[in-house]
Amino acid sequence: MSRLVTPDLCVIGAGSGGLTVAAGAAQLGASVVLVEGDRMGGDCLNHGCVPSKSLLAAARHAEAMRSGAAFGIAPVEPAIDFAAVKDHVERVIAAIAPHDSVERFEGLGVTVIRDWARFVSPRRVEAGGTAIEARRFVIATGSRPALPPLPGIEGFAVLTNETIFGLRERPRHLVILGGGPVGVEMAQAHRRLGCAVTLVEGARLLGREDPELVAIVARRLAEEGVRILEGRPAEQVAAADGGVALRVGGETVTGTHLLVATGRRASLGRLDLDRGGIEADAASIRVDAGLRSVSNRRVYAIGDAAGGMQFTHLAGYHGSLVIRNALFGLPVRARMDHIPRVTFTDPELAQVGMTEAEARAAHGDRIEILHAAYDGNDRARTERATDGLAKIVVLRGRPVGAGIVGAQAGELIGLWSLAIANRMKIGQIATMVAPYPTLGEIAKRAAGDYYARRLFGNSRVRRLVHLVQRWLP
Ligand SMILES: Cc1cc2nc3c(=O)[nH]c(=O)nc-3n(C[C@H](O)[C@H](O)[C@H](O)COP(=O)(O)OP(=O)(O)OC[C@H]3O[C@@H](n4cnc5c(N)ncnc54)[C@H](O)[C@@H]3O)c2cc1C
């Protein structure tokens, strides 16, 4: 090693979580070394959120051209230049990249090392010819696609999220294995961009989500021409006519390309965790509620490397907790109940806190479900986006879960995340005055439902109103 550095913090991985910690800590005055072996920005910028949402945005434009009839706009089949769509995706990545760049971080005072980091002892990491003995280490190494143990898959040129955005030619028939958020988003994007798409899911589509809400997304996908094979585990992969043949429940599905989106596993292989005295299983580093390694107290793990849900905003939240604990010595405890998640299909599906099924399993009949349908909302009517529903789970007068399927669901869920984070009462949501006409009124309508059930048609309330009316001047 040519040099030894002794910063306050060494952050391994310059993705969503690592960048949050590095930027925050440096701006608060800590000395920080940031180590990244691949592209700055991690999965979200390069192979995840940003390219997938950019592709979906292009797909939405294509679909808008086909679906204007109800507005009096003659539908046309769009001419799609697939390579130009990919140029758009690349331009969006390039526009965001400076925010995550080496230059920006060095400008903040962070020392950036471009290499793979590995532990050589519980106190020392090496990368790029530098030995780093930091007061604290933060493992923010993200995750990689996990391929299922399917006969024939080894050696087969499958696509994953790391390669699909690089395709310049439109796949004629994309077969997608895995009906989670990534598989479902990619199914709709590619279908709308003119590909035939078959989506194969061994269990239930979007299996973590409320089936009543998922049904609305599944119906739209099917209407748009995505072939969905649900509850049908894949059995074998083989090459066929320069493409792929996938055996699924006795049927052979053939296509030109195979995208595997069957989950992701923490990216820990290069870290030499044993030498760092850091316990991990196949999926993640073992951490306590404050995100510290259970076996090496100098080390934190955040984001996808910490296991559990895999989201950019969760990695960022983890990062903020680590800053509080590592820099200010404040006790922290990672909460999950207020972390929202969104599948960015059209319609979007968003959830925070417990689904109805989870809440019933935990609290039985003590929960109450409030409903507000999009077709009762005037803005949804003007937009012809009435296909949607909000379901709010209430326990003892407070929301403990919210699921929304419909236009802008990802924007609408933030309010419920705030309410759950602050243990607000449903009555506080009811005090909100939402501008008319906005989809924001859906939240107020759901909260209003809580009181409508108690007040409207209640004979005691009616008697009280009569009484008060007699006394009023
Ligand atoms: C297709 C797709 C779409 C997604 N869409 C969304 C979305 O819409 N919203 C959302 O919230 N989340 C989304 N996600 C998930 C999101 O991308 C991840 O949860 C998030 O990037 C995790 O952040 P992280 O900091 O844990 O890891 P990452 O952002 O993956 O960063 C980890 C970094 O660590 C580096 N690294 C690994 N090992 C080492 C080492 N030994 N030394 C040095 N560097 C190392 C890697 O090269 C990488 O740059 C999506 C994911 C995919 C795959």
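Just above sits the structure.
All figures in this text were calculated on a predicted structure; none of them were measured in a lab. (Residues numbered from 1 in each chain as written. Predicted model: local features only at pLDDT ≥ 70, side-chain atom pairs only at ≥ 80, totals over all residues. Heavy atoms only, no water.)

### Remarks on the overall build of the chain
Check the secondary structure of the chain and you find 14 helices and 23 strands. For 473 residues, the compact-globule estimate of 2.2 N^0.38 gives 23 Å, and the chain sits close to it at 25 Å. Counting only C-alpha atoms, the chain reaches 90 × 60 × 40 Å along its principal axes. Relative to its full complement of 473 residues, the chain shows a buried share of 49%. Restricting the contact set of the chain to residue pairs at least 6 apart, pairs at least 24 apart contribute 63%. Here the chain displays about 22,000 Å² of accessible surface, and carbon together with sulfur accounts for 53% of that area. Side chains of the chain carry 57 positive and 49 negative charges; the gap between the two charge centres is 7 Å. (Helix = DSSP H or I, 4+ residues; strand = E, 2+ residues; numbered from the N terminus. Rg over C-alpha atoms; globule rule 2.2 N^0.38 Å. Buried < 20%, exposed > 50% of the residue type's maximum accessible area, 1.4 Å probe, protein only. Contact = heavy atoms within 4.5 Å. Areas by Shrake-Rupley, 256 points an atom, 1.4 Å probe, with all protein chains shown as cover. Lys, Arg positive; Asp, Glu negative; His and termini not counted. Charge placed at Lys NZ, Arg CZ, Asp CG, Glu CD.)

### Describing the environment of A373
Tracing the chain through its elements places A373 in strand β21 (residues 367-373). The partly exposed category is assigned to A373, whose relative accessible area is 30%. In the structure, A373 is positioned 73 residues away from A446 in sequence and 8.8 Å away in space, judged by C-alpha atoms. When residues no more than four places from it in sequence are discounted, the contact partners of A373 are G388 and L389.

### Thoughts on the packing of helix α3 (residues 49-66) against helix α6 (residues 181-192)
Packing of α3 against α6 leaves a shortest axis separation of 8 Å and a crossing angle of 45 degrees. By the criterion of interaxial angle, the relationship of α3 to α6 is oblique. Once α3 is placed against α6, the crossing between them reads as left-handed. Each of S52, K53, L55, L56, A59, R60, A62, E63 and R66 in α3 lies in contact with α6, whose residues at this interface are E185, M186, A189, H190 and R192. For the contact of α3 with α6, the residue count by class is 6 nonpolar, 2 polar and 6 charged. (Axes fitted to C-alpha atoms, helices over the stretch in contact; angles between N-to-C directions. Parallel < 35°, antiparallel > 145°, perpendicular 65-115°, else oblique. Left-handed = near helix turned anticlockwise from the far one by under 90°. Nonpolar A, V, L, I, M, F, W, Y, C, P; charged D, E, K, R; others polar.)

### Observations regarding the nonpolar core
Membership of the largest hydrophobic core comes to 54 residues, with the highest contact counts inside it found for V32, L34, I132 and I139. In contact with V32, other than residues within four places in its own chain, are P7, L9, V11, A22, A25, A26, V110 and T111. In this structure, L56, V89, M186 and L389 belong to the second largest nonpolar core, which totals 39 residues. (Core = buried A, V, L, I, M, F, W, Y, C linked by side-chain atoms within 4.5 Å.)

### Quick notes on the site of the ligand
G17, E36, K53, A117 and T312 are the nearest of the 38 residues found near the ligand. One of the side-chain N or O atoms of K53 is found 2.7 Å from an oxygen atom in the ligand. T312 places a main-chain nitrogen or oxygen 2.9 Å from an oxygen atom of the ligand. Out of a free accessible area of 1,000 Å², the ligand has 93% covered by protein chains. Mapped onto the shell around the ligand, the elements with two or more residues apiece are α1 (16-27), β3 (32-36), α2 (42-46), α3 and α8 (312-328). (Near = heavy atom within 4 Å. Polar contact = N/O pair within 3.5 Å; in protein donor to acceptor, adjacent residues only side chain to side chain.)

### Some details on the sheet that holds strand β20 (residues 348-353)
In any sheet, the strands associate via hydrogen bonds between backbone groups, in a parallel or an antiparallel arrangement. The 5 strands are arranged β19-β20-β23-β22-β21 in an open sheet whose pairing can be described as antiparallel. The open sheet has two free edges, formed respectively by β19 (341-343) and β21, since each of these has just one partner strand. For this sheet, the mean inter-axis angle between neighbouring strands, taken without regard to orientation, is 15 degrees. Relative to strand β23 (residues 398-406), strand β22 (residues 389-395) runs antiparallel, the two sharing 7 bridges. Bridge pairing in β23 links L389 to V405. (Pairing = 2+ DSSP bridges.)

### Quick word on the pairing of strand β13 (residues 234-240)
On a regular strand, one side chain projects to one face of the sheet and the next to the other, so that they alternate. Strand direction decides the pairing type here: β13 and strand β14 (residues 243-248), joined by 6 bridges, are antiparallel. Each residue of the ladder has a partner; that of A238, found in β14, is A245. The hairpin formed by β13 and β14 contains 2 residues between the paired strands, and D241 there has a positive phi angle of roughly 50 degrees.

### Quick word on the packing of aromatic side chains
Where two aromatic rings form a pair, the distance of their centres and the angle of their planes describe that pair. Applying the stated criterion across every chain yields a total of 2 aromatic pairs. Ring centres of Y450 and Y451 lie 5.2 Å apart, and the angle between their planes is 85 degrees; this geometry places the pair in the edge-to-face category. For Y450, a relative accessible area of 10% gives the class buried. Over the aromatic face of W116 sits the side chain of R270, whose NZ or CZ is 3.7 Å from the ring centroid. (Phe/Tyr/Trp six-rings, centres within 6.5 Å; stacked < 30°, edge-to-face > 60°. Lys NZ or Arg CZ within 6 Å of the ring centre and 35° of its normal.)

### Overview of the packing of α1 against α8
The interhelical angle for the contact between α1 and α8, taken along N-to-C directions, is 35 degrees, at an axis separation of 8 Å. Between α1 and α8 lies a crossing of right-handed hand. Together, S16, G17, T20, V21, G24 and A25 of α1 and T312, A315, G316, G319, S320, V322, I323 and L327 of α8 make up the contact between the two elements. Its residues placed into classes, the contact of α1 with α8 shows 6 nonpolar, 8 polar and no charged.

### Some points on unusual backbone geometry
With an omega dihedral of 5 degrees, the bond running from D346 to P347 counts as a cis peptide bond. Positionally, P347 belongs in the loop between β19 and β20. The peptide bond linking Y436 to P437 adopts the cis configuration, its omega dihedral lying at -10 degrees. Within the secondary structure, P437 is located in the loop between α12 (426-430) and α13 (441-455). Despite not being glycine, L291 shows a phi value in the positive range, around 70 degrees. Inspection of the secondary structure assignment puts L291 in the loop between β17 (264-266) and β18 (299-301).

### Considering the state of the cysteines
Taken as a whole, this structure holds 1 disulfide when the rule is applied. Two residues share a disulfide in this structure: C44 and C49, whose sulfurs sit 2.4 Å from each other. As the torsion about the S-S bond is roughly -130 degrees, the C44-C49 disulfide counts as left-handed. Accessibility expressed as a relative area gives 15% for C44, which makes it buried. Looking at C49, the relative accessible area reads 26%, which means it is partly exposed. (Disulfide = S-S within 2.5 Å.)

### A closer look at the pattern of salt bridges
Applying the stated criterion across every chain yields a total of 31 salt bridges. Residue D272 pairs with R118 through a salt bridge whose shortest N-O separation is 3.7 Å. Pair noted here: D272 is in the loop between β17 and β18 and R118 is in strand β5 (residues 118-121), with a separation of 154 residues, a long-range link. The partly exposed category is assigned to D272, whose relative accessible area is 30%. Residue classification places R118 among the partly exposed residues on the basis of a relative accessible area of 31%. Across the pair E162 and R144 runs a salt bridge, and its minimum N-O distance is 2.7 Å. (Salt bridge = Lys/Arg side-chain N within 4 Å of Asp/Glu carboxyl O.)

Any functional reading would require information that these geometric values do not contain.
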